[in-house]
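The residues making up each chain are set out below.
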Amino acid sequence: GASAGAGVAAAVATDAARRGVAVRSLFLDEPCLDPRANSASFAVNSATTIAPVAWLRWSWSVYYPFEHADAVSDRFFVLPRLAEPDVLGSPAHPTTLVITASADPLRAEGAAYAEALRAAGKLEAHIEAKGSHVIALDKEA
(Lines give C-alpha, C1' and ligand atoms only; values in the text may rest on other atoms or scores of the structure.)
Protein backbone atom coordinates (compact mmCIF):
# COMPACT_ATOMS: atom_id res chain seq x y z
CA GLY A 1 0.00 0.00 0.00
CA ALA A 2 0.97 3.62 -0.44
CA SER A 3 0.31 6.49 1.97
CA ALA A 4 -3.11 5.98 3.59
CA GLY A 5 -3.36 2.63 1.82
CA ALA A 6 -0.09 1.60 3.45
CA GLY A 7 -1.56 2.45 6.84
CA VAL A 8 -4.61 0.34 6.12
CA ALA A 9 -2.42 -2.52 4.85
CA ALA A 10 -0.31 -2.41 8.02
CA ALA A 11 -3.43 -2.43 10.19
CA VAL A 12 -4.99 -5.35 8.30
CA ALA A 13 -1.76 -7.36 8.46
CA THR A 14 -1.48 -6.70 12.20
CA ASP A 15 -5.09 -7.72 12.79
CA ALA A 16 -4.56 -10.87 10.71
CA ALA A 17 -1.49 -11.77 12.78
CA ARG A 18 -3.44 -11.18 15.99
CA ARG A 19 -6.02 -13.68 14.71
CA GLY A 20 -3.34 -16.17 13.66
CA VAL A 21 -3.91 -15.63 9.94
CA ALA A 22 -0.57 -15.53 8.14
CA VAL A 23 0.26 -12.81 5.64
CA ARG A 24 3.44 -13.56 3.68
CA SER A 25 4.84 -10.13 3.00
CA LEU A 26 3.95 -6.46 3.17
CA PHE A 27 5.14 -3.45 1.15
CA LEU A 28 4.52 -0.06 2.74
CA ASP A 29 5.33 3.00 0.64
CA GLU A 30 5.40 6.18 2.75
CA PRO A 31 2.81 4.93 5.23
CA CYS A 32 0.37 7.26 6.98
CA LEU A 33 0.26 5.77 10.49
CA ASP A 34 -0.20 8.34 13.25
CA PRO A 35 -3.39 10.42 13.69
CA ARG A 36 -1.59 12.84 16.00
CA ALA A 37 0.18 14.20 12.89
CA ASN A 38 2.76 15.97 15.04
CA SER A 39 6.05 14.18 14.45
CA ALA A 40 9.30 16.01 13.83
CA SER A 41 9.01 15.34 10.10
CA PHE A 42 5.65 17.16 10.05
CA ALA A 43 7.48 20.27 11.31
CA VAL A 44 10.61 19.89 9.18
CA ASN A 45 8.70 19.09 5.96
CA SER A 46 5.72 21.38 6.50
CA ALA A 47 6.38 23.41 3.35
CA THR A 48 5.68 20.51 0.98
CA THR A 49 2.95 21.08 -1.57
CA ILE A 50 2.61 17.39 -2.53
CA ALA A 51 0.99 16.30 0.74
CA PRO A 52 0.40 19.52 2.69
CA VAL A 53 0.40 19.10 6.45
CA ALA A 54 -3.04 20.76 6.72
CA TRP A 55 -4.47 18.23 4.25
CA LEU A 56 -2.86 15.28 6.06
CA ARG A 57 -4.33 16.47 9.37
CA TRP A 58 -7.73 16.97 7.76
CA SER A 59 -7.56 13.44 6.32
CA TRP A 60 -6.93 12.02 9.80
CA SER A 61 -9.80 14.10 11.23
CA VAL A 62 -12.15 12.38 8.81
CA TYR A 63 -10.75 8.86 9.35
CA TYR A 64 -10.05 9.01 13.08
CA PRO A 65 -11.16 12.26 14.76
CA PHE A 66 -8.52 14.07 16.77
CA GLU A 67 -10.45 13.89 20.03
CA HIS A 68 -9.56 10.18 20.01
CA ALA A 69 -5.89 10.63 19.08
CA ASP A 70 -4.64 10.56 22.68
CA ALA A 71 -6.41 7.24 23.25
CA VAL A 72 -4.70 5.73 20.22
CA SER A 73 -2.25 3.63 22.25
CA ASP A 74 -4.75 0.80 22.57
CA ARG A 75 -5.80 1.01 18.94
CA PHE A 76 -3.36 -1.13 16.96
CA PHE A 77 -5.63 -0.86 13.94
CA VAL A 78 -5.02 2.88 13.87
CA LEU A 79 -1.40 2.84 15.00
CA PRO A 80 -0.09 -0.65 14.10
CA ARG A 81 3.38 -0.11 15.62
CA LEU A 82 1.71 -0.13 19.04
CA ALA A 83 0.52 -3.70 18.66
CA GLU A 84 1.87 -6.06 21.27
CA PRO A 85 5.42 -7.23 20.48
CA ASP A 86 4.24 -10.84 20.37
CA VAL A 87 1.78 -9.88 17.59
CA LEU A 88 4.37 -7.97 15.54
CA GLY A 89 6.87 -10.78 16.03
CA SER A 90 4.46 -13.67 15.54
CA PRO A 91 5.00 -16.17 12.73
CA ALA A 92 1.74 -14.91 11.20
CA HIS A 93 2.96 -11.29 10.90
CA PRO A 94 4.56 -10.58 7.52
CA THR A 95 8.10 -9.51 6.91
CA THR A 96 7.79 -5.94 5.72
CA LEU A 97 9.53 -3.56 3.35
CA VAL A 98 9.06 0.07 4.43
CA ILE A 99 9.84 2.99 2.11
CA THR A 100 10.09 6.52 3.50
CA ALA A 101 11.10 9.77 1.80
CA SER A 102 13.44 12.36 3.28
CA ALA A 103 11.17 15.36 2.56
CA ASP A 104 7.86 13.68 3.45
CA PRO A 105 5.84 14.82 6.49
CA LEU A 106 5.09 11.10 7.08
CA ARG A 107 8.78 10.09 7.20
CA ALA A 108 9.08 9.88 11.00
CA GLU A 109 6.04 7.66 11.48
CA GLY A 110 7.19 5.28 8.73
CA ALA A 111 10.64 5.13 10.32
CA ALA A 112 9.12 4.48 13.78
CA TYR A 113 7.07 1.60 12.39
CA ALA A 114 10.15 0.20 10.63
CA GLU A 115 12.01 0.31 13.96
CA ALA A 116 9.16 -1.51 15.75
CA LEU A 117 9.24 -4.16 13.02
CA ARG A 118 13.04 -4.41 13.29
CA ALA A 119 12.75 -4.96 17.05
CA ALA A 120 10.20 -7.71 16.38
CA GLY A 121 12.37 -9.36 13.72
CA LYS A 122 9.89 -8.60 10.95
CA LEU A 123 11.60 -5.83 8.97
CA GLU A 124 12.82 -6.94 5.56
CA ALA A 125 14.27 -3.50 4.85
CA HIS A 126 13.71 0.20 5.45
CA ILE A 127 14.64 2.30 2.45
CA GLU A 128 14.92 6.06 2.89
CA ALA A 129 14.58 7.71 -0.53
CA LYS A 130 15.20 11.29 -1.58
CA GLY A 131 12.09 13.29 -2.38
CA SER A 132 8.70 14.07 -0.98
CA HIS A 133 5.44 12.22 -0.55
CA VAL A 134 4.81 9.77 -3.41
CA ILE A 135 7.71 11.32 -5.32
CA ALA A 136 10.60 9.42 -3.82
CA LEU A 137 13.21 9.63 -6.53
CA ASP A 138 16.39 7.97 -5.46
CA LYS A 139 17.68 5.90 -2.58
CA GLU A 140 20.01 7.86 -0.33
CA ALA A 141 23.46 6.40 0.29
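Given the structure is predicted, the values throughout are model-derived calculations rather than measurements.

From N to C terminus, the chain includes 5 helices and 4 strands. Reading the secondary structure of the chain in the N-to-C direction produces α-β-α-α-α-β-α-β-β. Across the 141 residues of the chain, 44% fall into the buried class. Counting only contacts in the chain whose residues sit at least 6 apart along the sequence, the fraction spanning at least 24 positions is 75%. Split by element, the accessible area of the chain, about 7,000 Å² in all, is 58% carbon and sulfur.

Its 14 residues place the ends of helix α5 (residues 107–120) 20 Å apart at the C-alpha level, agreeing with the 20 Å of an ideal helix rising 1.5 Å per residue. Listed in full, the buried residues belonging to α5 are Glu109, Gly110, Tyr113, Ala114, Ala116 and Leu117. For α5, the arc enclosing every buried residue in end-on projection is 160°, short of the 170-degree limit, so these residues lie on one face. For α5, the elements touching its buried residues are α1 (4–18), β1 (25–29), α2 (40–44), α4 (85–88), β2 (95–101) and β3 (123–132). A positive phi of about 75° marks Gly121, the residue just after α5.

On to the nonpolar core, then. With 18 residues, the main nonpolar core has Leu28, Leu88, Val98, Tyr113 and Leu117 as its most contacted residues. Elements with a minimum of two residues in this core: α1, β1, α4 and α5. Within the second largest apolar cluster, 9 residues are counted, among which are Cys32, Val53, Leu56 and Tyr64.

Let us look at the pairing of β3. In this sheet, β3 lies alongside β2 in parallel orientation, the contact comprising 6 bridges. Bridge pairing links Leu97 to Ala125 in β3. Read as a crossover between parallel neighbours, the route from β2 over α5 to β3 is right-handed.

Here we take up α1. With 15 residues, α1 should reach 21 Å at 1.5 Å per residue; the first-to-last C-alpha distance of 21 Å fits that figure. Buried residues in α1 make contact with β1, α4 and α5. Of the residues trailing α1, Gly20 is marked for its positive phi of about 85°.

Moving on to a nonpolar patch on the surface. Among the surface-exposed residues, Val8, Val12 and Tyr63 lie close enough to one another that they form a single nonpolar patch of about 290 Å² accessible area. The residue Val8 is located in helix α1 in this model. Using a relative accessible area of 42% as the deciding quantity, one classes Val8 as partly exposed.

This next bit is on the pattern of salt bridges. Inspection of the entire model under this criterion finds 3 salt bridges. The salt bridge involving Arg19 is made with Asp15; its shortest N-O contact spans 2.9 Å. For Asp15, a relative accessible area of 25% corresponds to the partly exposed category. A salt bridge links Glu115 to Arg118; the nearest nitrogen and oxygen atoms lie 3.2 Å apart. Pair noted here: Glu115 and Arg118 are both in helix α5, with a separation of 3 residues, about one helical turn. On the basis of relative accessibility, which here comes to 47%, the residue Arg118 falls in the partly exposed class.

Rules used throughout
- Residues numbered from 1 in each chain as written.
- Predicted model: local features only at pLDDT ≥ 70, side-chain atom pairs only at ≥ 80, totals over all residues.
- Heavy atoms only, no water.
- Helix = DSSP H or I, 4+ residues; strand = E, 2+ residues; numbered from the N terminus.
- Buried < 20%, exposed > 50% of the residue type's maximum accessible area, 1.4 Å probe, protein only.
- Contact = heavy atoms within 4.5 Å.
- Areas by Shrake-Rupley, 256 points an atom, 1.4 Å probe, with all protein chains shown as cover.
- Expected span 1.5 Å × (residues − 1).
- Arc of directions from axis to C-beta.
- Core = buried A, V, L, I, M, F, W, Y, C linked by side-chain atoms within 4.5 Å.
- Pairing = 2+ DSSP bridges.
- Right-handed = clockwise from strand over helix to strand, strands pointing away.
- Patch = residues over 30% accessible without salt bridge, like charges linked within 9 Å, V, L, I, M, F, W, Y side chains within 5 Å.
- Salt bridge = Lys/Arg side-chain N within 4 Å of Asp/Glu carboxyl O.

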